[in-house]
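# Examining the three-dimensional arrangement
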Amino acid sequence: MRTPFRHALAAFTLPLVLGACATVPAEPAAPVAHAAPIDTGLVSAADPRAAAAGAAILKQGGSSTDAAIAVMLALTVVEPQSSGIGGGGFYVRGAADGSVETIDGRETAPRAATPEWFLDPAGKPVSFNQAVLSGLSVGVPGNVQLAQEAHRQHGKLPWAALFAPAIALARDGFVISPRMHEYLDQARDRAAADAQGRALFFNEQGEPLPAGTRVKNPALATVLERIAGDGAKAFYSGDNAQTIATRVAAATPHTRAMTGQDIARYRAVPRAAVCGTYRAYRICGMGPPSSGATTVFATLKQLEGFDLGALGPRSPIAWHLIAESMRLAYADRERYLGDSDFVSVPVAGLTDPAYLADRARLIAPTKTMAQALPGTPAGAVVAYGKGASGAESGTSHFVVIDRDGTAISYTSTIEGSFGSGIVIDGYYLNNELTDFSFTPQADGRPVANRVEGGKRPRSSMAPTVIYSPDGRLFMAVGAAGGATIPAQVVRAIIGAIDWKLTAEQTLALPVLFAPGDTVFVEQGSALEAMIPALRDLGHTVTPRNMPLKANTALFENGKWTGAADPRSEGTAIDP
Ligand code: GLU
């Protein structure tokens with residue numbers, strides 16, 4: 001155990017600088033809005049209409065699983081830039097009795113895919129944008145199967161009831177939000193790539209419809225009605241599957257494209273949650289193919305010997321320690337994480353407290369380590385090379401607590417804004433396969449996250465549930481924002497556990513992202529004022545505008561409180 005660095009604290013404490021929304025509060029605040037007693041439940045989502053869909057289901061007596069499915073479906077309609085039935089997701093369920101289950105609804109590569117998937121005929125990786133806007137990027141969508149599997153296990157209301165709010169939004173129309181308009185504008189190469197996308201969201205001059213415009217999506221309403229009536233098979237077989245396969249194959253520049261069989265064979269997979277203890281709190285999340293749980297847990301655990309609570313959120317030393325720990329965790333993530341059905345991922349070794357205590361010895365409070373290298377966790381029999389994949393932005397996280405005190409933490413994604421741009425009956429298909437490494441080998445070694453037939457691309461999504469030392473459910477949290485997701489989740493957890501902040505304050509904290517030897521601090525946030533102090537410690541620091549969007553629920557003062565990221569249009573409501 002290391003000693004707290006109170007002496008250093010005085011030297012580095014800076015005046016409080018408030019960013020637009022990312023703030024560093026001095027003290028835990030009084031309870032805030034959105035408080036919901038446990039008997040009514042709570043929903044936090046990135047769009048108020050999706051949160052309302054979940055709340056309506058809770059009100060009808062639905063379980064948190066029912067409500068989470070309704071949120072996922074409603075987001076398909078009102079936040080098409082981020083997630084939906086054309087993509088996949090991860091579902092984590094934390095019950096009041098301490099049991100945690102997860103379901104992996106990650107997209108799969110077509111069976112015929114090979115490690116050379118993203119290489120051109122000359123053997124060079126194609127550009128990220130070229131890949132995204134083609135059939136190469138599209139994985140078999142997993143969300144509908146995930147929903148069916150989750151409902152089979154934990155649904156209370158009839159399956160069809162969960163679709164009613166989303167069908168109403170699609171059939172009767174919904175209003176384009178300012179954020180959606182912004183994405184239509186910025187990502188128009190994807191949003192308007194397909195004639196259906198243009199017809200839905202653009203005017204005759206090719207300009208995105210303004211915020212406030214009411215849009216109806218009858219094709220999507222019909223698809224949702226079919227799935228509501230016939231179950232997931234209405235998505236994975238018949239017309240829907242045939243249309244997906246035909247459209248994706250037509251957009252794929254070689255003959256190994258997705259087939260109807262790939263779609264028919266898709267299965268959502270229940271997997272063991274990855275759990276570990278940080279300061280006597282049990283942190284549980286999504287293991288491979290996600291790098292979420294291992295990266296979040298390693299970053300936290302390596303910090304256990306430092307008294308972050310005493311340092312506080314306004315201490316550059318605290319953020320330096322977080323950066324150092326994150327660099328180590330991301331180095332391991334890059335080396336070892338991939339789909340464990342295909343490559344050996346040493347999850348137990350990566351989360352072993354003794355291994356992480358060893359790694360923590362590389363962290364010094366007074367100085368930056370020159371280079372953060374991957375370690376050798378137990379079970380690391382194959383040494384993988386460092387992969388190469390592109391930028392990410394998109395995704396939606398939501399949290400539901402029901403009257404039984406069961407938490408669902410679900411992250412749903414189509415990967416980038418408007419996914420691949422391909423629209424099937426009113427919904428966008430994902431570009432999740434660009435989460436694979438484009439290069440199959442590095443330094444003569446295979447890359448763990450290389451493309452293989454039927455494999456799931458490595459994810460950063462980190463839906464998490466946390467139990468307090470007395471065994472009660474304490475927090476459910478997750479985020480969107482590609483590789484920044486573990487960083488956002490870590491910051492919220494440290495905010496809640498070490499800094500005793502409220503739900504809203506944990507998400508208002510600024511984000512520091514250190515995936516390698518450069519540290520990125522959230523542009524316009526309080527962290528910018530700490531740049532000189534971080535540089536003095538040896539960091540290469542750059543302010544960066546990052547796509548940040550987290551949602552959480554926290555048990556505080558004897559009740560659940562929900563919060564949505566102040567940077568987002570999200571909200572937390574109780575029914
Ligand atoms: N596709 C990304 C992942 O699975 C998430 C993308 C995002 O959050 O923007 O890690």
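Let me sum up the structure you'll find in this document. Quantities reported herein were computed from a predicted structural model and do not represent experimental measurements. (Residues numbered from 1 in each chain as written. Predicted model: local features only at pLDDT ≥ 70, side-chain atom pairs only at ≥ 80, totals over all residues. Heavy atoms only, no water.)

With that settled, the discussion passes to the overall build of the protein. Looking only at helices and strands, the protein has 21 helices and 23 strands in total. Computed over the C-alpha atoms, the radius of gyration of the protein is 22 Å, within 12% of the 25 Å expected from 2.2 N^0.38 for a compact globule of 575 residues. Along the first, second and third principal axes, the C-alpha set of the protein runs to 65 × 55 × 45 Å. By residue count, 63% of the 575 residues in the protein fall in the buried class. On the protein, roughly 19000 Å² of surface is accessible, and the fraction owed to carbon and sulfur atoms is 53%. Separation of charge centres in the protein, based on 49 positive and 52 negative side chains, amounts to 3 Å. (Helix = DSSP H or I, 4+ residues; strand = E, 2+ residues; numbered from the N terminus. Rg over C-alpha atoms; globule rule 2.2 N^0.38 Å. Buried < 20%, exposed > 50% of the residue type's maximum accessible area, 1.4 Å probe, protein only. Areas by Shrake-Rupley, 256 points an atom, 1.4 Å probe, with all protein chains shown as cover. Lys, Arg positive; Asp, Glu negative; His and termini not counted. Charge placed at Lys NZ, Arg CZ, Asp CG, Glu CD.)

For the rest of this paragraph, the subject is the site of the ligand. Lining the immediate environment of the ligand, one finds 16 residues, of which Glu432, Asp435, Ser459, Ser460 and Gly482 sit closest. A distance of 2.7 Å separates an oxygen atom of the ligand from a polar side-chain atom of serine 459. Backbone polar atom of glycine 482 to an oxygen atom of the ligand: 2.7 Å apart, as the coordinates give it. Surface burial for the ligand is 100%, taken as the share of its 290 Å² of free accessible area covered by protein chains. Split into classes, the residues belonging to the shell around the ligand amount to three nonpolar, eight polar and five charged. (Near = heavy atom within 4 Å. Polar contact = N/O pair within 3.5 Å; in protein donor to acceptor, adjacent residues only side chain to side chain. Nonpolar A, V, L, I, M, F, W, Y, C, P; charged D, E, K, R; others polar.)

Grouped together as the largest cluster of nonpolar side chains are 91 residues, with contacts concentrated most on Ile493 and Leu512. Considering each element in turn, this core owes the most residues, eleven residues, to helix 16 (residues 316–336). (Core = buried A, V, L, I, M, F, W, Y, C linked by side-chain atoms within 4.5 Å.)

Moving on to the state of the cysteines. Taken as a whole and judged by the stated rule, the model has one disulfide. A sulfur-sulfur distance of 2.1 Å marks the disulfide that ties cysteine 275 to cysteine 284. Across the disulfide from cysteine 275 to cysteine 284, rotation about the S-S bond amounts to roughly 115°, and the bridge is consequently right-handed. A residue is classified by how much of its surface remains accessible, and cysteine 275, at 34% relative accessible area, is partly exposed. Residue classification places cysteine 284 among the buried positions, given a relative accessible area of 0%. (Disulfide = S-S within 2.5 Å.)

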